[in-house]
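# Residue-level structural notes
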Amino acid sequence: KISKKKKKYFLENNKKKIVIFAHSFFDSPHVYGNFLFPDFYEWLLFLSKVAKKSNFDWYIKPHPNYDDNSEIILDKFIKDHSEIKKLDRDAPILDLVKQGMYAALTVYGSCASELPYLGIKVVNADRNNPHSAYNFSFNPKNLNEYEEIILNLDKKKLNFKFNELYEFHYMNQFYFHNRFLF
């Protein structure tokens, strides 16, 4: 028999796990207008400060399409900020959920419209993100609210109906791409 032992991604402790879904450092950070930070690196610096104040375990998942330069920057960041641990870029989302991912942080990533379906709380750092009109993820308006939401995630609840997720995905994937008839 071949044993297919699942890789463990998180430390074994009683702390809730927060995963930062990193963006490429060379993507346009303000594609949807100004977000709460000047760029993705400043976003990570802010999160490292918040991590030190929290009772959560913090992890970062590199973007699956990271280029070598983004990987170098992220590795240096992790070396300088040991409060955040790096996950494999190919770590399966369902494995992370099954192993205890509690919440996710993104600027405007698609995880904000995917993870709530699996019961994961998501906090965006861009109030102009593609899903900001919906209630399935948190959309803070300023840095103080952003930090407050993250530090109190265990007390925060999202009240949404799954129809919101379905509507968002229909509008995002079909309606606005003129493929709904083809």
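Cut-off values and rules
- The numbering scheme is per chain: residues are counted from 1 as the chain's sequence reads.
- Selection of residues for local features in this predicted model requires a pLDDT of at least 70, selection of side-chain atom pairs for listing and counting requires 80 or more, and totals for whole chains, interfaces and linings are taken over all residues.
- Derived side-chain values reflect all non-hydrogen atoms in the structure, with water molecules and hydrogen atoms excluded from consideration.
- Segments assigned H or I by DSSP are reported as helices when at least four residues long, segments assigned E as strands when at least two residues long, and all are numbered from the N terminus.
- Note on exposure labels: buried denotes an accessible area under 20% of the residue type's maximum, exposed denotes more than 50%, and partly exposed covers the range between, all computed with a 1.4 Å probe on protein chains only.
- Between two residues, a contact is recorded if the distance between any of their heavy atoms is within 4.5 Å.
- For the accessible areas, the method is Shrake-Rupley and the probe is 1.4 Å, while residue cover comes only from the protein chains on display.
- Charged residues are defined here as Lys and Arg on the positive side and Asp and Glu on the negative side; His and the ends of the chain fall outside this count.
- Each charge is placed at NZ for Lys, CZ for Arg, CG for Asp and CD for Glu.
- Here the aromatic set is Phe, Tyr and Trp, taking the six-membered ring for Trp, and pairing holds for ring centres within 6.5 Å; pairs whose planes are under 30 degrees apart are stacked, those over 60 apart are edge-to-face, and all others are tilted.
- Each ring is checked for a lysine NZ or an arginine CZ that lies within 6 Å of its centre and within 35 degrees of its normal; such an atom marks a charge sitting over the ring.
- Here the nonpolar core consists of buried residues drawn from Ala, Val, Leu, Ile, Met, Phe, Trp, Tyr and Cys, with membership extended through side-chain atoms lying within 4.5 Å.
- Only C-alpha atoms enter the line fits that serve as axes; for helices the fit covers just the stretch in contact. Angles between N-to-C directions range over 0 to 180 degrees.
- Roughly parallel covers angles under 35 degrees, roughly antiparallel covers those over 145, roughly perpendicular covers 65 to 115, and oblique covers all other angles.
- Helix crossings get a hand from a simple test, with the near helix turned counterclockwise from the far one by less than a right angle marking a left-handed crossing and a clockwise turn marking a right-handed one.
- Residues are grouped as follows: Ala, Val, Leu, Ile, Met, Phe, Trp, Tyr, Cys and Pro are nonpolar; Asp, Glu, Lys and Arg are charged; every other residue, Gly included, is polar.

Moving on, we come to the overall build of the protein. On a plain count of helices and strands, the protein comes out with six helices and five strands. Secondary structure elements in the protein, listed N-terminal to C-terminal, are β-α-β-α-β-α-β-α-β-α-α. Considered along the principal axes of its C-alpha atoms, the protein spans approximately 50 × 45 × 40 Å. For the protein, the residues scored as buried account for 46% of the 182 residues in total. Residue pairs in contact within the protein that sit at least 24 positions apart in sequence constitute 65% of those at least 6 positions apart. On the protein, roughly 10600 Å² of surface is accessible, and the fraction owed to carbon and sulfur atoms is 51%. Measuring between centres, the 27 positive side-chain charges of the protein sit 7 Å from its 22 negative side-chain charges.

The next subject is the packing of aromatic side chains. For any two aromatic rings, the description comes down to two numbers: the centre-to-centre distance and the angle of the planes. Considering all chains together, one arrives at 12 aromatic pairs under this definition. Arranged with centres 6.1 Å apart and planes meeting at 35°, the rings of Phe25 and Tyr66 form a pair that is tilted. Remark: Tyr66 occurs in the loop between β2 (57–61) and α2 (68–80) and Phe25 occurs in the loop between β1 (17–21) and α1 (40–53); sequence separation between them is 41 residues. By relative accessible area, Phe25 is classed as buried at 16%. Judged by relative accessible area, Tyr66 falls into the buried class, the value being 6%. Considering the side-chain rings of Tyr134 and Phe136, the 5.4 Å spacing of their centres and the 20° angle between planes classify their relative orientation as stacked. Given the relative accessible area of 13%, Tyr134 is considered buried. Positioned over the ring face of Tyr59 is Lys85, at 5.2 Å from the centre of the ring.

The next subject is the nonpolar core. Counting 34 residues, the largest nonpolar core has Trp43, Leu47, Trp58, Leu105 and Tyr146 as the members making the most contacts within it. Of all the elements in the fold, those that place two or more residues in this core are β1, α1, β2, α2, β4 (101–106) and α5 (143–151). The biggest single contributor to this core is α1, with seven residues. In this structure Leu105 touches Ile18, Val19, Ile20, Phe21, Trp43, Leu47, Trp58, Val123, Tyr146 and Ile150, once residues within four positions along its chain are discounted. If you look at the next biggest cluster of nonpolar residues, it comprises 16 residues, including Ala91, Cys111, Ala112 and Val122.

Looking now at the packing of α1 against α5. Axis separation between α1 and α5 bottoms out at 10 Å; the angle between their running directions is 45°. Relative to α5, α1 is oriented oblique. For the pair α1 and α5, the sense of crossing is right-handed. Taking contact as the criterion, the partners of Trp43, Phe46, Leu47, Val50 and Lys53 in α1 are, on α5, Leu143, Tyr146, Glu147, Ile150 and Leu151. Residues that form the contact of α1 with α5 fall into these classes: eight nonpolar, no polar and two charged.

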